[in-house]
Amino acid sequence: MINGLIIKKRRKELHISQKELAEEITTQGTISALERNSTSPNSDILTKILERLSLSLTDVLVGNEKVDNQKLLAATDKCFMNYDYHTVLTTLKKIKKITDPHQRAHYQFLKTDAKMWVKKDYDDAIFEYNQLLQETNDRTEIYAVLATCELGIVYSLKQDLEKSAFYFKKLPALMKKLDLNQHVFWSLSLFANLSEFYLNIDHQVDKCQNLLSEALHFAKKNNSPFFVDSFYLLSAEALYAKNGKWTTEAIDDLTKSCVFAEFLDDKLELAKAQKHLAQIDQQ
């Protein structure tokens, strides 16, 4: 169904009369009826009207499942980025039906991840992430890649490092197939978790440092501060692991981590960086 009020509002914003909008497209009466929601013109006429008003079909559609779901998923993403997992679950309850495969994967990933961090039920999370992977035909779908990463995280939390490594080692190849620039936040999340795996589980400091360099370049290119505090903290810890002491460069990275953590209100990363700095001051 077309929302004629949106068309009317846009027409008035552009200071166009009904007659001017209808010119060489349809009749003024049709425009009037459309704005009163009394008619729905054929697709050719509607397309020309929307082009003249610089509107898209999604701008004027109401009761469209895909459009409505996308708005709710976008709102949920913002809550997720702020680690507000309770609101994530509350918002997702507003979605009643999903038929689009990409949106279904998006929904399932957000719901599974939020539930995992709220309930700490790792076994249930493992089942649901695997269900997402089985239902997703394209393993390079961003939410399938994220599910693979989260399985690595879950198994590390369960102290099953062999299984954790199994999933993390799949990520580099999967990430190469993604258009990372289309998913900046999620891509930075993958960079952060894979870097932590290289440093703390796989103990490959050089790989960690190379990936962190790539991650910081990617964040700068996309003007995103997300996870930058984590990147600098991991960089400092990697330098410590490599040199056996807190070098000037490592301390500089800890300071940068604190600055970005305060900006992002990331209390967990801030506490980690400050703890390191406090121990350095005591030496």
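Residues numbered from 1 in each chain as written. Predicted model: local features only at pLDDT ≥ 70, side-chain atom pairs only at ≥ 80, totals over all residues. Heavy atoms only, no water.

Caption draft 1: Inspection of the pattern of salt bridges at higher detail. Counted under the stated rule, the structure contains 10 salt bridges. The residue Arg11 makes a salt bridge to Glu35 at a minimum N-O spacing of 2.6 Å. Taken together, the residues span a long stretch of sequence, with Arg11 in helix α1 (residues 4–13) and Glu35 in helix α3 (residues 28–35) at a distance of 24 residues. For Arg11, a relative accessible area of 8% puts it in the buried group. Taking the relative accessible area as the measure of exposure, Glu35 reaches 5% and is therefore buried. Here Lys163 and Asp160 are joined by a salt bridge, their closest N and O atoms 3.7 Å apart. We classify Lys163 as partly exposed; its relative accessible area is 42%. Since its relative accessible area comes to 24%, Asp160 is described here as partly exposed. (Salt bridge = Lys/Arg side-chain N within 4 Å of Asp/Glu carboxyl O. Helix = DSSP H or I, 4+ residues; strand = E, 2+ residues; numbered from the N terminus. Buried < 20%, exposed > 50% of the residue type's maximum accessible area, 1.4 Å probe, protein only.)

Caption draft 2: Representation of empty space enclosed by the protein within the structure. Enumeration over the complete set of coordinates arrives at one cavity of 30 Å³ or more. Space inside the largest cavity adds up to approximately 40 Å³. Considering the residues around the largest cavity, the lining is formed by Thr112, Lys115, Met116, Lys119, Asp121, Asp124, Ala125 and Glu128. Going through the elements one at a time, α8 (101–119) and α9 (122–135) are the ones with two or more residues in the lining of the largest cavity. Considering each element in turn, the lining of the largest cavity owes the most residues, four residues, to α8. Among the residues forming the lining of the largest cavity, the class breakdown is two nonpolar, one polar and five charged. (1 Å grid on protein atoms, 1.4 Å probe; cavity = no way out; pocket = protein on both sides within 12 Å on 5 of 7 lines; lining within 4 Å. Points joined across faces, edges and corners; volume = space filled by probe spheres on them. Nonpolar A, V, L, I, M, F, W, Y, C, P; charged D, E, K, R; others polar.)

Caption draft 3: Just helix α4 (residues 43–53), in detail. Taken residue by residue, α4 has Ile45, Leu46, Ile49, Leu50 and Leu53 as its buried positions. End-on view of α4: buried residues confined to an arc of 130°, all on one side of the axis. Set apart from the buried face of α4 by more than 90 degrees, the exposed residues are Ser43, Asp44 and Glu51. The secondary structure elements touched by the buried residues of α4 are α1, α2 (18–22), α3 and α5 (57–60). With a side-chain oxygen positioned 3.1 Å from the backbone nitrogen of Asp44, the residue opening α4 is Asn42. (Arc of directions from axis to C-beta. Contact = heavy atoms within 4.5 Å. Polar contact = N/O pair within 3.5 Å; in protein donor to acceptor, adjacent residues only side chain to side chain.)

Caption draft 4: Region of the structure containing the layout of surface pockets. The computed volume of the largest pocket comes to approximately 950 Å³. Taken together, 32 residues make up the lining of the largest pocket; nearest its centre are Trp117, Asn193, Glu196, Leu268 and Glu269. Of all the secondary structure elements, the ones that give two or more residues to the lining of the largest pocket are α8, α10 (142–157), α11 (161–168), α13 (184–200), α15 (228–243) and α17 (267–282). For the lining of the largest pocket, the element with the most residues is α13, which contributes eight residues. Looking at the lining of the largest pocket residue by residue, the classes come out as 19 nonpolar, six polar and seven charged.

Caption draft 5: Highlighting unusual backbone geometry. Positioned with a positive phi, Glu24 is a non-glycine residue whose angle comes to about 65°. By the element assignment, Glu24 lies in the loop between α2 and α3. Judged by relative accessible area, Glu24 falls into the exposed class, the value being 75%. The phi dihedral of Asn223 is positive, around 50°, even though this residue is not glycine. The exposed category is assigned to Asn223, whose relative accessible area is 71%.

Caption draft 6: Molecular detail of the environment of Glu162. Topologically, Glu162 is positioned in helix α11. C-alpha of Glu162 to C-alpha of Gly152: the two residues are 10 residues apart in sequence and 9.5 Å apart in space.

Worth remembering: the numbers are spatial, not functional.
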